[in-house]
Amino acid sequence: MSAASSFETRLSASAATVEAKLDACLSADHPLVKGTPSRLLAAMRHGVLNGGKRLRPFLVIESARLFDGAAAGAVSVAAALECVHSYSLVHDDLPAMDDDDLRRGLPTVHKAFDEATAILAGDALLTLAVGLVAEAEGIAAEARLALTLALSREAGAAGMVGGQALDLAAEDETLDEAAIARMQAMKTGALIAFASEAGPIIAGAFGEDRQRLRRFGETIGLAFQLADDLLDETADAAALGKATGKDRARGKKTLPALHGHDWTRARLASLVDEAASSLAPYGGRGAVLCEAARFISDRRS
Ligand code: GRG
């Protein structure tokens, strides 16, 4: 079996574990959602249990494994992060934002339900995430608090939500390269940085390990966004399960649009090397995360 296919096998096994957790905590009798109106719960399930790649949960689980962090707790934190990511997609697809009909190959939540329900489903997924971190099994209370603080910062106004605000404002102004980088680091990078930083936090490693994994996450976050921008220009909608070519059509400046595809591929390769060097102190134990960096940069969907 090739290295790439063994990585993909590992990614799908991790996705199945996280999906089982998401399915359980979005079941009508789970204490965190018990009493949820059935249409709202169905919309939440449609927004999450719809076949995403589950890359962020994978990073949480594998970064926790690197430090022998509680496996069951890591799955809860991974599921929480996927709820936050999925809420952001549900809201991003709304007519007031990116106005998309298709997500992960299925009708977006506001198309399958209605706009108000999609807004509420997103709100409820974000709120559920807090509960999932709070109840994460086998993680010390101090670490659960640190995870809550980090997630609040990275998902909120100084992180993903702020990045989305900068992105929306950019429709009426031209961003320079530094401003594009800042917007992307917040909008996309913040949750990915949290995903890899979560591992050492889960294991109670608050010093250098946390900083190294944070740096690794920031680097692969940049790679993720560059690959996403490249795919927006080069992939077809069927492969991605969402509309493509939207950035260029809207005159939105991305780094591939500014510098071209060859520059983008070279930059992606150097980000993968940079990510691997942040994990050098862990030797072979960091190999799976290095594979994840490569997967993110080479991905086709
Ligand atoms: C609405 C608060 C709010 C934020 C939205 C995430 C986001 C911020 C917008 C989505 C727009 C977008 C396409 C951003 C590029 C990066 C990204 C998040 C891509 C989708 O992530 P994947 O490829 O998707 O991991 P799956 O479906 O596999 O989970």
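Up top you'll find the structure we're talking about.
The structure displayed is predicted, hence computed values, not measured ones.

Caption draft 1: Summary view of the overall build of the protein. A count of helical and extended segments in the protein gives 15 helices and two strands. Over its C-alpha atoms the protein spans a radius of gyration of 18 Å, differing by no more than 12% from the 19 Å that the globule rule assigns to 301 residues. C-alpha atoms of the protein, sized along the principal axes, occupy 50 × 45 × 40 Å. In the protein, which comprises 301 residues, the proportion classed as buried is 51%. Within the protein, contacts between residues separated by at least 24 positions form 73% of all contacts whose residues are at least 6 apart in sequence. About 13,000 Å² of surface is accessible on the protein, with carbon and sulfur atoms providing 55% of the total.

Caption draft 2: Layout of the environment of Gly260. Here Gly260 lies in the loop between helix H13 (255–259) and helix H14 (261–278). Along the primary structure Gly260 and Leu230 are separated by 30 residues, whereas in three dimensions their C-alpha atoms are 9.2 Å apart.

Caption draft 3: View of the side chain of Asp93. Following the sequence through the fold, Asp93 ends up in the loop between helix H4 (71–92) and strand E1 (102–103). Aside from chain neighbours lying at most four places away, what touches Asp93 is Asp99, Asp100, Arg103, Thr108 and His110.

Caption draft 4: Quick peek at the packing of helix H3 (residues 55–66) against helix H9 (residues 177–202). Orientation of H3 relative to H9, taken along the N-to-C sense of each, is 25°, at an axis distance of 7 Å. The angle between H3 and H9 places the two elements in the roughly parallel class. Of the two elements, H3 crosses H9, and the hand of that crossing is right-handed. Contact residues: Arg56, Leu59, Val60, Ser63 and Ala64 in H3; Leu191, Ile192, Ala195, Ser196, Ala198, Gly199, Pro200 and Ile202 in H9. Partitioned by chemical class, the residues of the contact of H3 with H9 number nine nonpolar, three polar and one charged.

Caption draft 5: Quick peek at the side chain of Arg299. Among the structural elements, Arg299 can be located in the segment after helix H15 (287–298). Residue classification places Arg299 among the buried residues on the basis of a relative accessible area of 6%. Contact partners of Arg299, with chain neighbours within four places excluded, come to Lys53, Phe224, Ala227, Asp228 and Leu231.

Caption draft 6: Representation of the environment of Leu49. Following the sequence through the fold, Leu49 ends up in the loop between helix H2 (38–48) and H3. The class for Leu49 is partly exposed, based on a relative accessible area of 29%. For the pair Leu49 and Ala20, spaced 29 residues apart in sequence, the C-alpha to C-alpha distance is 9.6 Å.

Caption draft 7: Spotlight on the site of the ligand. Every one of the 20 residues lining the ligand counts as a neighbour, but Lys53, Arg56, His85, Ser88 and Arg104 are closest to it. In the environment of the ligand, an oxygen atom lies 2.6 Å from a nitrogen or oxygen atom belonging to the side chain of Lys53. Between an oxygen atom of the ligand and a side-chain N or O atom of Arg56, the distance comes to 2.7 Å. Starting from 700 Å² of accessible surface for the ligand in isolation, the protein chains cover 92%. Listing elements by their share of the shell around the ligand, those giving two or more residues are H4, helix H8 (160–169), H9 and helix H10 (208–234). Counting residues per element, the shell around the ligand draws most heavily on H4, which supplies six residues. The residue inventory of the shell around the ligand, partitioned by class, reads five nonpolar, seven polar and eight charged.

Definitions and limits used
Residues numbered from 1 in each chain as written. Predicted model: local features only at pLDDT ≥ 70, side-chain atom pairs only at ≥ 80, totals over all residues. Heavy atoms only, no water. Helix = DSSP H or I, 4+ residues; strand = E, 2+ residues; numbered from the N terminus. Rg over C-alpha atoms; globule rule 2.2 N^0.38 Å. Buried < 20%, exposed > 50% of the residue type's maximum accessible area, 1.4 Å probe, protein only. Contact = heavy atoms within 4.5 Å. Areas by Shrake-Rupley, 256 points an atom, 1.4 Å probe, with all protein chains shown as cover. Axes fitted to C-alpha atoms, helices over the stretch in contact; angles between N-to-C directions. Parallel < 35°, antiparallel > 145°, perpendicular 65-115°, else oblique. Left-handed = near helix turned anticlockwise from the far one by under 90°. Nonpolar A, V, L, I, M, F, W, Y, C, P; charged D, E, K, R; others polar. Near = heavy atom within 4 Å. Polar contact = N/O pair within 3.5 Å; in protein donor to acceptor, adjacent residues only side chain to side chain.

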